[in-house]
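Tertiary structure, described
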Amino acid sequence: AKRLVQTNDVVFSTVRPNQKHFGILTSIPHNCIVSTGFTTISSINQQLSNEMIYLELSSEEVVSTLQQIAEQSTSAYPSIRPEDLESVKIPIFSDSTGLVQSLRFIYQLIDSNNKECNSLRSVRDYLLPKLMSGCIDVSTLDLPTKYSFSTSNPEHGQDHQRGAESEADRKD
């Protein structure tokens, strides 16, 4: 079974809360679905944003409490029910606009960083085999001194530097 989610929904795994399989969906494809093993949460209160809900549900204190509840479940594995999440007390501040904006910005930065990491990982996975097989030659690249790697052998009287900084680089 599957469940449709929307941007900024909070998803929380109902299995083993201590594994921290939860998140706030900052950017998702159209018609994104998640397993019913996750509870989806959307605020219906104008004073309580999904970011505040996520912040509270992801706190160590709440996760620990939910894990204790899960360990008392009668299923074959530690699990919680959506009602257990509904029982979590989430503070509502009279003026949390600045905090919510900051949280949104932080979560968007995290999402952006994750996308960049995934992109860099893909580039690495594509280029590394080509570098290792010799299909790509980087020996002629003009890299800054602190990133240059010499492949010469020091035993044969040649320079052998790995990641060394020049005098000029150290003064910066």
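Further up the page is the structure itself.
Residues numbered from 1 in each chain as written. Predicted model: local features only at pLDDT ≥ 70, side-chain atom pairs only at ≥ 80, totals over all residues. Heavy atoms only, no water.

1. Considering the overall build of the chain
Each helix and strand in the chain was counted, giving five helices and five strands. Per-residue burial for the chain yields a buried fraction of 23% across its 172 residues. A separation threshold of at least 6 residues defines the contact pool for the chain, and within that pool the share at least 24 residues apart is 60%. (Helix = DSSP H or I, 4+ residues; strand = E, 2+ residues; numbered from the N terminus. Buried < 20%, exposed > 50% of the residue type's maximum accessible area, 1.4 Å probe, protein only. Contact = heavy atoms within 4.5 Å.)

2. Structural notes on the packing of helix α1 (residues 50–57) against helix α4 (residues 97–133)
Two numbers describe how α1 lies on α4: the axes approach to 9 Å, and their chain directions differ by 75 degrees. Classified by the interaxial angle, the pair formed by α1 and α4 is roughly perpendicular. Contacts between α1 and α4 involve Glu 51, Met 52, Tyr 54 and Leu 55 from the former and Leu 99, Val 100, Leu 103, Arg 104 and Tyr 107 from the latter. (Axes fitted to C-alpha atoms, helices over the stretch in contact; angles between N-to-C directions. Parallel < 35°, antiparallel > 145°, perpendicular 65-115°, else oblique.)

3. Re helix α2 (residues 60–71)
Given a rise of 1.5 Å per residue, 12 residues ought to cover 16 Å, and the 16 Å separating the end C-alpha atoms of α2 matches this to within 8%. Buried within α2 are the following residues: Val 62, Val 63, Leu 66, Gln 67 and Ala 70. End-on view of α2: buried residues confined to an arc of 135 degrees, all on one side of the axis. Exposed and facing more than 90 degrees away from the buried side of α2 are Glu 60, Glu 61 and Glu 71. (Expected span 1.5 Å × (residues − 1). Arc of directions from axis to C-beta.)

4. Notes on the layout of surface pockets
Taking a probe equal in size to a water molecule and rolling it over the atoms shows the remaining empty space. Approximately 330 Å³ is the volume attributed to the second largest pocket. Contributions of two or more residues to the lining of the second largest pocket are made by β5 (38–41), α1 and α3 (82–86). Here the residues of the lining of the second largest pocket sort into nine nonpolar, five polar and one charged. (1 Å grid on protein atoms, 1.4 Å probe; cavity = no way out; pocket = protein on both sides within 12 Å on 5 of 7 lines; lining within 4 Å. Points joined across faces, edges and corners; volume = space filled by probe spheres on them. Nonpolar A, V, L, I, M, F, W, Y, C, P; charged D, E, K, R; others polar.)

5. Concerning the side chain of Asp 111
With respect to the secondary-structure elements, Asp 111 resides in helix α4. Take Asp 111: its relative accessible area is 19%, and that puts it in the buried class. At 2.8 Å, the side chain of Asp 111 forms a polar contact with the side chain of Ser 27. For Asp 111, the contacting residues outside a window of four places in its chain are Thr 26 and Ser 27. (Polar contact = N/O pair within 3.5 Å; in protein donor to acceptor, adjacent residues only side chain to side chain.)

6. Examining the pattern of salt bridges
Taken as a whole, this structure holds six salt bridges when the rule is applied. For Lys 20, the salt bridge goes to Glu 60, with nearest N and O atoms at 2.3 Å. Linking Lys 20 in the loop between β2 (10–13) and β3 (22–24) with Glu 60 in helix α2, this pair joins segments that are 40 residues apart in sequence. For Glu 60, a relative accessible area of 54% gives the class exposed. The salt bridge involving Lys 115 is made with Asp 111; its shortest N-O contact spans 3.4 Å. Separated by four residues within a single helix, Lys 115 and Asp 111 lie in helix α4, roughly one turn from each other. Taken together, the shared-partner salt bridges in this structure form one network comprising Arg 81, Glu 83 and Asp 84. (Salt bridge = Lys/Arg side-chain N within 4 Å of Asp/Glu carboxyl O.)

7. Points about α4
Relative to the 54 Å expected for 37 residues at 1.5 Å per residue, α4 spans 54 Å between its end C-alpha atoms, a close match to the ideal helical length. Where α4 bends most, the angle comes to about 25 degrees, and this point is Leu 127, followed within four residues by the proline Pro 129. Within the sequence span of α4, burial applies to Val 100, Leu 103, Tyr 107 and Asp 111. Looking at the buried side of α4, the elements it contacts are β3 and α1. With its phi angle positive at about 90 degrees, Gly 134 sits one or two positions after the end of α4. (Bend = angle between axes of the 7 residues up to and from the residue.)

8. Quick look at the pairing of β5
Here β5 shows one buried face, formed by Thr 39 and Ile 41, and one open face, formed by Phe 38 and Thr 40. Strand direction decides the pairing type here: β2 and β5, joined by four bridges, are antiparallel. Across the sheet, Ser 13 pairs through a bridge with Phe 38, a residue of β5. (Pairing = 2+ DSSP bridges.)

Bear in mind that shape data such as this cannot, by itself, settle questions of function.
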